[in-house]
Amino acid sequence: MSASPSPSDAPSPSAPTTSSAPLHLAVALDGAGRHPAAWREPGARPEAVFTARYWVDAVAEAEAGLLDFVTLDDGLALQSSSTDGPDGRTDLVRGRLDAVLTAARIAPLTRHIGLIPSVTTTHTEPFHISKAVATLDHVSRGRAGVHVQVSGLPHEERHFGRRSAPLSGAELYEEAADHVEVIRRLWDSWEDDAEIRDVATGRFIDRDKLHYIDFEGRHFSVRGPSITPRPPQGRPVVSAVGASGDGEASYRLVALSADIGYVSARDAGEAASAVAAIRRAREAAGLGEEPLHLFGELTVFLDEDGPAATARKERLDALAGHPYEGDSEVFTGTPAQLADLLVERRSAGLSGFRLRPGVIAHDLPAITRGLVPELQRRGLFRTAYEADTLRGLLGLDPHPANRYATPPSAGTAA
Amino acid sequence: MSTKPLKQIHLAAHFPGVNNTTVWGDPAAGSHIDFDSFTHFARTAERAKFDFLFLAEGLRLREQGGRIYDLDVVGRPDTFTVLAALAAVTERLGLTGTINSTFNEPYEVARQFASLDHLSEGRAAWNVVTSWDAFTGENFRRGGFLPREERYSRAREFLSTANELFDSWNGSEIAADATTGTFLRDARAGAFAHQGQHFDIEGHFNVPRSPQGRPVIFQAGDSDEGREFAASGADAIFGRHATLDEGRAFYSDVKRRLAAYGRTPDQLKILPAATFVLGDTDAEAHENAHEIRRLQVSGQTAIKYLEHVWNRDLSAYDPDGPLPDVDPEVGENTIALGRASVRQFRDPLATAREWRELAEAKNLSIRELVIATTARQTFIGTAATVAESIDSLVQQDAADGFILVPHLTPGGLDVFADTVVPLLQERGVFRAEYEGTTLRDHLGISVPGVDREVAAS
Ligand SMILES: Cc1cc2nc3c(=O)[nH]c(=O)nc-3n(C[C@H](O)[C@H](O)[C@H](O)COP(=O)(O)O)c2cc1C
């Protein structure tokens, strides 16, 4: 279906959404929550953050709230409050499990929610990432995505030792764009019906439906095809952050390479200018018609009583020794107040939000049991899962055409 | 009869995917990609109290004569991802993944295995393979950068670096004490520094020590270097010698090498790949086996297989006719790419001569010759016959157990689980219940301590 200009249609992520269109909601999961002292809250289960049970429970809660997807944060170095290296702190959660594997461990135990693990394009092989995410899509029956991030941290570079010096900021993003291009081409390198099992001719596959991708870029080249057949969604969802701190390079990555961009902004004005910059870059690249979701990002502290939320954040700040500010907007208040804020923020051109629970144990259930019913009351959020795949939930083409397939119009009937 | 106590047999299940033994045309054959197939197969293995499930790996689609090979099953999922998902649908079964040491980096692979070990509560194992070729390398950003001679030097250093990373947390660092605000007891957790010929890396590993400390390590290469590598650092070998004589020779050779590394014979398990065909009578099983061989080796498959030795296009030959009278093409370039089996034929001229003589003596067509010379089923017979053969090979030190490769996906293991396993249990040579929770428990291999001297004393 191509995007329709009519504003009364189903939400079209390529155009600014109308005030009545349902919102998309995701949560970002990391450690015990976004606040550095989150792990000290009652119910936080900090000893369990390296167990499957912990993550399965969190995602089950998100799925009970009918959220579109969860993202699982990750990184190839110890968490640190400094970009110079490990900060040596012993009072904060340190260490994490591989996000793709954690998502795969959760997949068979969930049914509808999308699973988007983070990967670092700077240090990984696109061939490996492509088949890992394709496999996540196979095991979740069409609910996989991947969140791509770059790393310019010299100490992380030293965990790999591949280069004598880290790439520059612009090069990191350029390499990330190539990485995404390669993983997508590899997903397309098998046509959907390549497996034929033709007993008469003894052929298991029709090799004319497998394709070399022959990618040649500035930083690497990859031949293909993938070893893994095309995943159920055809192309799992790709997300990236458009952060004003990283300037135009991150906006370009979102604009040119993502299906979902997270816009980190501190207020509606900042959000609107980031959205405009990303849309401009997309138009300039000739992709203006292609759907792109832009999600606002907020860290949330939610309580039924507004002052209680503020007091809770202050208590956490006191434990941490400093006020939590974060790199995107921080909200404290009631679910109803948050719903008001989301409605206001969406006018900047956002089609959904990725919420970061300040404390997973507290704020995730507050999202699913407080915010979600509030949005449902206003007709702004689904009351049941309406699709089985992540692309379906996001209103994207549920199974994009394969770039290598010969269109049926070229002679044969479809 | 000796009074030696009976050895306990280890059994594992190889998910049949990309290989030349899977009979994909059988009406009972299912998907080799759909996760339901993996779930079915893993649950059967766990119901039978097997030690582990095994996945092979190939990082480029096989080609022959410059085209993708289309006669066998093609396509497989990512090893780590599918094993992590299987951890959700099983509780005790070990999860062994083949992961190449050439086209990966130690920090990332160590993280993935440590994560898999956490997510499975101590059931992860790594089969370290060393395929090095530039053909596979074309799929990777660093390309085919490793000369063949260096494959084991990189593998050895890769494994020792990964071990340094696994050991960089000793397991007592996490306090997670909310009252005092102490998450880590020790700020140095995860610190490592490795400098060597292949890797020069340092920093902090970011996965805390996993339930098994380190994943169980498998090795699969068969060369002298490969055996030495296994003796120096593996917990088990995925081997290819499953007959009595070859098995005993391999077994004693490898176990003899352990002393040089201060290790005892029970610290390295020898587990050859093995196939099986069952029937209500031995004769019926042999008939079934013959039928399966015919399905595995079609006329076209036979021609393609012969090309591995002749290294030239033989498509004009009749598979039901005599062997080609031309000689193999000898040279650097090989017609079949991405197949480990091709390297078996170190002297193609001699192999061709041998095969011609055999074919003439027994009046065999190309297809019959290929059926006669390629691996036949290891265990054929009634459940009782097969249980007896397996037990006898293990008691005679031809193996410590077997990794079974059924020819059907995913149901090929069911009948074995239902008929052979109970007989082995009756004999008292195979567990009736899991005794421990981790793969190391199943294999009887201790968790290496951070302080290895203490562990060894
Ligand atoms: C029984 C067996 C199974 C193997 N399985 C794999 C595999 O799944 N993937 C792979 O890349 N290589 C596999 N190999 C290849 C070996 O890892 C190794 O690269 C090859 O045998 C060359 O080493 P070698 O000269 O020591 O034999 C296997 C080898 C053997 C003997």
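The structure we're discussing is the one just above.
Residues numbered from 1 in each chain as written. Chains lettered and ligands numbered in written order. Predicted model: local features only at pLDDT ≥ 70, side-chain atom pairs only at ≥ 80, totals over all residues. Heavy atoms only, no water.

Remarks on the pattern of salt bridges
Residues and elements named next belong to chain A.
- Per the counting criterion, the structure on display carries 69 salt bridges over all chains.
- Note that Arg 235 is salt-bridged to Asp 188, the shortest N-O span being 2.7 Å. Within this pair, whereas Arg 235 is found in the loop between strand 8 (221-222) and strand 9 (237-243), its partner Asp 188 is found in helix 5 (residues 169-188), the two being separated by 47 residues in sequence. Each of the two residues, Arg 235 as well as Asp 188, counts as buried.
- Close ionic contact of Arg 312 with Asp 363 constitutes a salt bridge, the shortest N to O distance being 2.6 Å. In this pair, Arg 312 is assigned in helix 8 (residues 306-320) and Asp 363 in helix 10 (residues 360-377), connecting sequence segments 51 residues apart. (Salt bridge = Lys/Arg side-chain N within 4 Å of Asp/Glu carboxyl O. Helix = DSSP H or I, 4+ residues; strand = E, 2+ residues; numbered from the N terminus. Buried < 20%, exposed > 50% of the residue type's maximum accessible area, 1.4 Å probe, protein only.)

Things to note about the site of the ligand
All names here are of chain B.
- The environment of the ligand is formed by 16 residues, the closest being Glu 57, Arg 151, Tyr 152, Ala 220 and Ser 223.
- Here an oxygen atom of the ligand sits 3.1 Å away from a polar atom, N or O, in the side chain of Thr 130.
- Between Ser 131 and the ligand, the recorded distance is 2.8 Å, taken from a side-chain N or O atom to an oxygen atom.
- Elements represented by at least two residues in the shell around the ligand include exactly helix 5 (151-166) and strand 12 (236-239).
- Of the residues belonging to the shell around the ligand, the class tally is five nonpolar, six polar and five charged. (Near = heavy atom within 4 Å. Polar contact = N/O pair within 3.5 Å; in protein donor to acceptor, adjacent residues only side chain to side chain. Nonpolar A, V, L, I, M, F, W, Y, C, P; charged D, E, K, R; others polar.)

Observations concerning the packing of aromatic side chains
All names here are of chain B.
- Counted under the stated rule, the structure contains 27 aromatic pairs over all chains.
- For the pair Phe 15 and Phe 41, a centre-to-centre distance of 5.3 Å together with 85 degrees between the ring planes defines the contact as edge-to-face. Pair noted here: Phe 15 is in the loop between strand 1 (10-14) and helix 1 (35-47) and Phe 41 is in helix 1, with a separation of 26 residues, a long-range link. In terms of burial, Phe 15 and Phe 41 fall into one category: buried.
- By the ring-pair criterion, three or more aromatic residues cluster together here, those being Phe 80, Phe 113, Trp 126, Phe 158 and Phe 199.
- Above the face of the Phe 135 ring, Arg 60 is positioned so that its terminal group lies 3.8 Å from the ring centre.
- Over the aromatic face of Trp 132 sits the side chain of Arg 151, whose NZ or CZ is 5.3 Å from the ring centroid. (Phe/Tyr/Trp six-rings, centres within 6.5 Å; stacked < 30°, edge-to-face > 60°. Lys NZ or Arg CZ within 6 Å of the ring centre and 35° of its normal.)

Some thoughts on the sheet that holds strand 4 (residues 67-68) of chain B
All names here are of chain B.
- Here three strands make up an open sheet; going across it, the order is 4-3-15 and the pairing antiparallel. Lying at the two open borders of the sheet, with one neighbouring strand each, are strand 4 and strand 15 (336-337).
- With two bridges connecting them, strand 3 (residues 63-64) and strand 15 associate as antiparallel partners. Bridge pairing in strand 15 places Gln 64 opposite Ala 336. (Pairing = 2+ DSSP bridges.)

Considering the nonpolar core
- Of all hydrophobic cores here, the largest spans 184 residues; its most connected members are Leu 25, Leu 29 and Leu 355 of chain A together with Phe 50, Trp 126, Phe 402 and Phe 416 of chain B.
- It is helix 2 (residues 79-89) of chain B that contributes the most residues to this core, eight residues altogether.
- If near-sequence neighbours (up to four positions away) are discounted, Phe 50 of chain B is found in contact with Leu 11, Ala 12, Ala 13, Ala 45, Leu 93, Leu 404, Leu 413, Phe 416, Val 421, Phe 430, Arg 431 and Tyr 434 of chain B.
- Counting 21 residues, the second-largest nonpolar core is a separate cluster that includes Phe 204 and Ile 227 of chain A together with Ile 68 and Val 73 of chain B. (Core = buried A, V, L, I, M, F, W, Y, C linked by side-chain atoms within 4.5 Å. Contact = heavy atoms within 4.5 Å.)

Quick word on the pairing of strand 11 (residues 216-219) of chain B
All names here are of chain B.
- Burial along strand 11 is two-sided: Val 216 and Phe 218 and Ile 217 and Gln 219, pointing in opposite directions, are all buried.
- Where strand 6 (residues 124-129) lies against strand 11, four bridges are found, and the strand directions are parallel. Residue pairing across strands places Ala 125 opposite Val 216, the latter belonging to strand 11.
- Alignment of strand 11 against strand 12, held across two bridges, turns out to be parallel. Its bridge partner lying in strand 12, Phe 218 is registered against Ala 236.

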